[in-house]
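# Analysis of the macromolecular model
Each chain is listed here by its residues.
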Amino acid sequence: MSERVKKDLRSMGIDDMTALLKELGQPAFRAKQLFGWVHEKQVQHIDDMHNLGKGLLAQLNEQCEITAMQLERKQVSKDGTEKFLFQLADGNYIECVLMRYRGDMSKQRNTLCISSQVGCAMGCTFCATGQGGFVRNLTAGEIVSQVYAVNHQLIEEGDTLPVGNVVLMGMGEPMLNLDNVLKAVALLNDPQGQQISIRRMTVSTCGVVPQMKAFADKKLDMVLAVSLHAPNDALRSGVMPVNNRYPLHELMDACRYYQKQTRNRITFEYALIAGFNDQPEHVAQLKALLKGLDCHLNIIPVNPVANTAQFSRPDRKQVAAFVKALQNAGLNASVREEKGTDIDGACGQLRGKVTGKQ
Ligand code: SF4
């Protein structure tokens, strides 16, 4: 006999919960209470929802569950960046990375970089996740659970700031799991839940054009970060297979469409690789490519990833010279502060496997 699949409460919004409670013959006002327990208080067990009454708790236990995710390992970088490895209910692993920004009060924040898929199908050659291939999409509940699980850690450690900024730039291509990503964004933004401002959430893409257009049509005030990494098709196709399917002119059309729909500035991520995409002609190509777009270029000196020894990191001087040349060409560009390189927590280093557990 096949086991009945339980409904995941963390994947449910208020409308889903209202419908569920109606099915269970419960009064409508319970939906708001249930939503508060799940998405504001972030309870980990149904029995912790004290004011719902024994009858409803029994019904919920019978039909529903709360996404189970076990913290398998936490690593702390020399610069304070923390990487969490979580095991999902089906045994797969995902990672997320916490950056605690301190300094003056107005700038204090906890930013969490979260995953949207187990593995990734896009195969970018400089990326550890891409080397492992695609396994499956995360549910909306699994996406928000990364935030809730890290919030529990923060509370345990006495950190009074919950996660306030979310970056969908961990494992996976968010545009290929767009429905669940958008549902998770709405749940995290909900005034009855974590109330994380949409403007404090960033979604990244390697350039999946049709989904970028669908995302643009939602007209959300989220930050869109496009992984560009090369200034022309020949170079880009060499490191990002997605470019064969959606070459740069199509990607730029999608970016222009996004900007027309949202009026939001776009961030372009550019992993700087010595002798590959850091030459003077590349500055001119970038200038032509990005003409007319309101955008910012994040220049990220490439991180060391196992099996990609062909990518060498430019030295500080080369990086500074490249950024200066971009600025002189009239582009908004800066070097992105790197975090967590020593624990493989930086961009392109997440892998999602337990290797050599210590
Ligand atoms: S860089 Fe992003 S899109 Fe490319 S393989 Fe890695 S996770 Fe996937």
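Residues numbered from 1 in each chain as written. Predicted model: local features only at pLDDT ≥ 70, side-chain atom pairs only at ≥ 80, totals over all residues. Heavy atoms only, no water.

### Quick word on the overall build of the protein
When helices and strands are counted, the protein shows 12 helices and 14 strands. Against the globule reference of 21 Å for 358 residues, the protein gives a C-alpha radius of gyration of 21 Å, in line with a compact fold. With respect to the principal axes defined by its C-alpha atoms, the protein has extents near 70 × 50 × 45 Å. Residues counted as buried form 53% of the 358 residues belonging to the protein. The contacts of the protein with a sequence gap of at least 6 include a subset with a gap of at least 24, amounting to 66%. (Helix = DSSP H or I, 4+ residues; strand = E, 2+ residues; numbered from the N terminus. Rg over C-alpha atoms; globule rule 2.2 N^0.38 Å. Buried < 20%, exposed > 50% of the residue type's maximum accessible area, 1.4 Å probe, protein only. Contact = heavy atoms within 4.5 Å.)

### Section: the side chain of arginine 236
Here arginine 236 is to be found in helix 8 (residues 233–239). Buried charge without a salt bridge: arginine 236, with aspartate 233 as the nearest opposite-charge side chain at an N-O distance of 6.3 Å. (Lys, Arg positive; Asp, Glu negative; His and termini not counted. Salt bridge = Lys/Arg side-chain N within 4 Å of Asp/Glu carboxyl O.)

### Observations concerning the site of the ligand
Every residue close to the ligand is listed here: Cys120, Met122, Gly123, Cys124, Cys127, Gly130, Gly172 and Cys206. Residues belonging to the shell around the ligand are distributed by class as follows: five nonpolar, three polar and no charged. (Near = heavy atom within 4 Å. Nonpolar A, V, L, I, M, F, W, Y, C, P; charged D, E, K, R; others polar.)

### With respect to the pairing of strand 3 (residues 69–76)
Where strand 3 meets strand 4 (residues 82–88), seven bridges bridge the pair, whose relative direction is antiparallel. Looking at strand 4, one finds that lysine 74 is bridged to phenylalanine 84. Here strand 3 hands over to strand 4 after five residues, with glycine 80 in that stretch at a positive phi of 95°. (Pairing = 2+ DSSP bridges.)

### Topic: the pattern of salt bridges
In total, this model carries 14 salt bridges according to the counting rule given. Notably, a salt bridge pairs glutamate 95 with lysine 83, separated by 3.5 Å at the nearest N-O pair. Of this pair, glutamate 95 sits in strand 5 (residues 93–101) while lysine 83 sits in strand 4, and the two are 12 residues apart along the sequence. Each member of the pair, glutamate 95 as well as lysine 83, carries the same accessibility label: buried.

### Digging into the layout of surface pockets
Roughly 300 Å³ of internal volume is contained in the second largest pocket. Taken together, 15 residues make up the lining of the second largest pocket; nearest its centre are Gln44, Met69, Gln70, Leu71 and Ala149. Considering every element that reaches the lining of the second largest pocket, the biggest residue donor is helix 5 (residues 140–156), with five residues. Partitioned by chemical class, the residues of the lining of the second largest pocket number six nonpolar, seven polar and two charged. (1 Å grid on protein atoms, 1.4 Å probe; cavity = no way out; pocket = protein on both sides within 12 Å on 5 of 7 lines; lining within 4 Å. Points joined across faces, edges and corners; volume = space filled by probe spheres on them.)

### A look at helix 2 (residues 30–40)
Taking burial as the measure, the 11 residues of helix 2 include eight buried ones, the bulk of the element. Along helix 2, the residues classified as buried are Arg30, Ala31, Leu34, Phe35, Gly36, Trp37, Val38 and His39. Downstream of helix 2 by a residue or two, glutamine 42 has a phi angle that is positive, lying close to 60°.

### A few points about the domain arrangement of the protein
Partitioning the protein into structural domains gives domain 1 (7–65) and domain 2 (69–343). Just the C-alpha atoms count here: the centres of domain 1 and domain 2 sit 33 Å apart. Contacts between the two partners involve 14 residues from domain 1, matched on the other side by 15 residues from domain 2. Interface area for domain 1 against domain 2, summed over the two sides, is near 1,100 Å², with a carbon-plus-sulfur share of 49%. (Domains from an automatic or database assignment. Buried area = accessible area lost by both parts, 1.4 Å probe.)

### Topic: the pairing of strand 5
As a general feature of sheets, a regular strand has side chains that alternate between the two faces. In terms of burial, strand 5 is largely enclosed, as eight of its nine residues are buried. Taking the residues between adjacent antiparallel strands as the criterion, strand 4 and strand 5 are bridged by four residues, where glycine 91 takes a positive phi near 95°. Bridging between strand 5 and strand 6 (residues 109–113) involves five bridges; their strand directions are antiparallel. Bridging across to strand 6, tyrosine 101 finds its partner in arginine 109.

### A short note on the confidence of the model for the protein
Looking at the protein, the pLDDT average stands at 92 and 92% of residues meet or exceed 70. Scored below 50 in pLDDT, residues 354–358 makes nine contacts in the model with residues more than four places away or belonging to other chains. (pLDDT = per-residue confidence, 0-100.)

### Some details on the packing of aromatic side chains
Across all of its chains, the model carries three aromatic pairs by this definition. Taking the centre distance of 6.0 Å and the plane angle of 5° together, the rings of phenylalanine 84 and phenylalanine 86 count as stacked. Consider the rings of tyrosine 270 and phenylalanine 322, whose centres lie 5.8 Å apart with planes at 15°: the pair is stacked. Of this pair, tyrosine 270 sits in strand 12 (residues 266–272) while phenylalanine 322 sits in helix 12 (residues 316–328), placing them 52 residues apart in sequence. Across this residue pair, the class does not change: tyrosine 270 and phenylalanine 322 are buried. Lying across the ring of tryptophan 37, lysine 41 places its NZ or CZ 4.6 Å from the centre. Above the face of the tyrosine 101 ring, arginine 109 is positioned so that its terminal group lies 4.0 Å from the ring centre. (Phe/Tyr/Trp six-rings, centres within 6.5 Å; stacked < 30°, edge-to-face > 60°. Lys NZ or Arg CZ within 6 Å of the ring centre and 35° of its normal.)

### Concerning the environment of glutamine 318
Structurally, the position occupied by glutamine 318 is in helix 12. Given a relative accessible area of 37%, glutamine 318 falls into the partly exposed group. Note: C-alpha distance between glutamine 318 and proline 301 (17 residues apart in sequence) is 9.8 Å. A distance of 2.7 Å separates a polar side-chain atom of glutamine 318 from the backbone nitrogen of aspartate 315. (Polar contact = N/O pair within 3.5 Å; in protein donor to acceptor, adjacent residues only side chain to side chain.)

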